[in-house]
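Coordinates in review
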Amino acid sequence: MEKNQNALILWIIGGIILSITGQLAFKNLQEWYVITVLNNTAAYPFGEEGPTPYYYETKELYALVSLVWGLLFSGAFALTVATIIKKNNKIMYAAIGSTVFLLLALFIHGQVA
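Being a predicted model, the structure only gives us computed values, none of them experimental.

Right, let's talk about unusual backbone geometry for a bit. The residue Asn-39 is not glycine, and still its phi comes out positive at about 55 degrees. Mapped onto the elements, Asn-39 comes out in the loop between helix 1 (2-37) and helix 2 (59-86). The backbone of Lys-87 shows a phi angle near 55 degrees, a positive value even though the residue is not glycine. Residue placement: Lys-87 occurs in the loop between helix 2 and helix 3 (89-110). Classification of Lys-87 by relative accessible area gives exposed; the value is 62%.

So, in C-alpha cells, the structure goes:
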C-alpha cells in the first residue's frame, strides 16, 4: 500500500512540475522563434521608455533572454521526465527544487529594470 501511495504522489507531483516547466519552456522558445525566425516584432515595445525590463532594449537581447529561459525550463522538464521514468523519489526532490528555483529566478529577473 505504501509503495502504491508513493508512486501516486510521484505521478501527481511530476505532472504538476511537467505542466509548469513545459508551458514556460514552450512560451519562451515560442517568443524566441517569433522574434528570431519569423522576425515579427510589431507588438513589442523595444527601446521605448516606460516600465519595461532591461531586456526590452533590443529585439536581439529579448530573443536571447527568451532562448535562455526556454532552455533552462526545458532542462527542468527533461529532469522531471527522467525522474518519472526511473521512479526515483530522491531525484524528484531535485526536480522540485530546480523548478521552484527557476520560477523564483524568472520572477525576480522580470523585475530588473
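With that settled, consider the nonpolar core. If you look at the biggest cluster of nonpolar residues, it comprises 16 residues, and the most contacted ones within it are Ile-35, Tyr-44, Phe-46, Tyr-56, Tyr-62, Trp-69 and Phe-73. At the level of elements, helix 1, helix 2 and helix 3 are the ones that each hand at least two residues to this core. Considering each element in turn, this core owes the most residues, six residues, to helix 2. With near-sequence residues (within four places) excluded, Tyr-56 lies in contact with Tyr-44, Pro-45, Phe-46, Gly-47 and Tyr-62. Ranked by size, the runner-up nonpolar core spans five residues in total, among them Leu-10, Ile-17, Ile-84 and Met-92.

This part takes up the side chain of Thr-21. Residue placement: Thr-21 occurs in helix 1. Among the residues examined, Thr-21 registers a relative accessible area of 0% and is labelled buried. When near neighbours in sequence (up to four residues on either side) are disregarded, Thr-21 contacts Phe-73, Ala-76, Phe-77 and Thr-99.

Here we come to the confidence of the model for the chain. Across the chain, the average pLDDT comes to 88, with 96% of residues at 70 or higher. Here helix 1 stands out as the element of the chain with the lowest mean pLDDT, 89, in contrast to helix 2, whose mean of 93 is the highest.

This brings us to the pattern of salt bridges. The tally for this structure, following the rule as stated, stands at one salt bridge. The shortest N-O distance in the salt bridge between Glu-31 and Lys-27 comes to 3.4 Å. Residue Glu-31 and its partner Lys-27 are both found in helix 1; the two are separated by four residues, about one turn of the helix.

Counted according to the given criterion, the structure contains seven aromatic pairs. Ring geometry for Tyr-54 against Tyr-55: centres 5.3 Å apart, planes inclined by 85 degrees, an arrangement best described as edge-to-face. With a relative accessible area of 27%, Tyr-54 lands in the partly exposed category. Among the aromatic residues, those joined into a cluster by ring pairs are Phe-46, Tyr-54, Tyr-55, Tyr-56 and Tyr-62.

Look at helix 2 against helix 3: their axes get within 9 Å of each other, and the N-to-C directions meet at 165 degrees. The pairing of helix 2 with helix 3 is recorded here as roughly antiparallel in orientation. Relative to helix 3, the crossing made by helix 2 is left-handed. Facing Val-65, Trp-69, Leu-72, Phe-73, Ala-76, Leu-79, Thr-80, Thr-83 and Ile-84 of helix 2, the residues of helix 3 in contact are Ile-91, Met-92, Ala-94, Ala-95, Ser-98, Thr-99, Leu-102, Leu-103, Ala-105, Leu-106 and His-109.

Cut-offs and rules
- Residues numbered from 1 in each chain as written.
- Predicted model: local features only at pLDDT ≥ 70, side-chain atom pairs only at ≥ 80, totals over all residues.
- Heavy atoms only, no water.
- Helix = DSSP H or I, 4+ residues; strand = E, 2+ residues; numbered from the N terminus.
- Buried < 20%, exposed > 50% of the residue type's maximum accessible area, 1.4 Å probe, protein only.
- Core = buried A, V, L, I, M, F, W, Y, C linked by side-chain atoms within 4.5 Å.
- Contact = heavy atoms within 4.5 Å.
- pLDDT = per-residue confidence, 0-100.
- Salt bridge = Lys/Arg side-chain N within 4 Å of Asp/Glu carboxyl O.
- Phe/Tyr/Trp six-rings, centres within 6.5 Å; stacked < 30°, edge-to-face > 60°.
- Axes fitted to C-alpha atoms, helices over the stretch in contact; angles between N-to-C directions.
- Parallel < 35°, antiparallel > 145°, perpendicular 65-115°, else oblique.
- Left-handed = near helix turned anticlockwise from the far one by under 90°.

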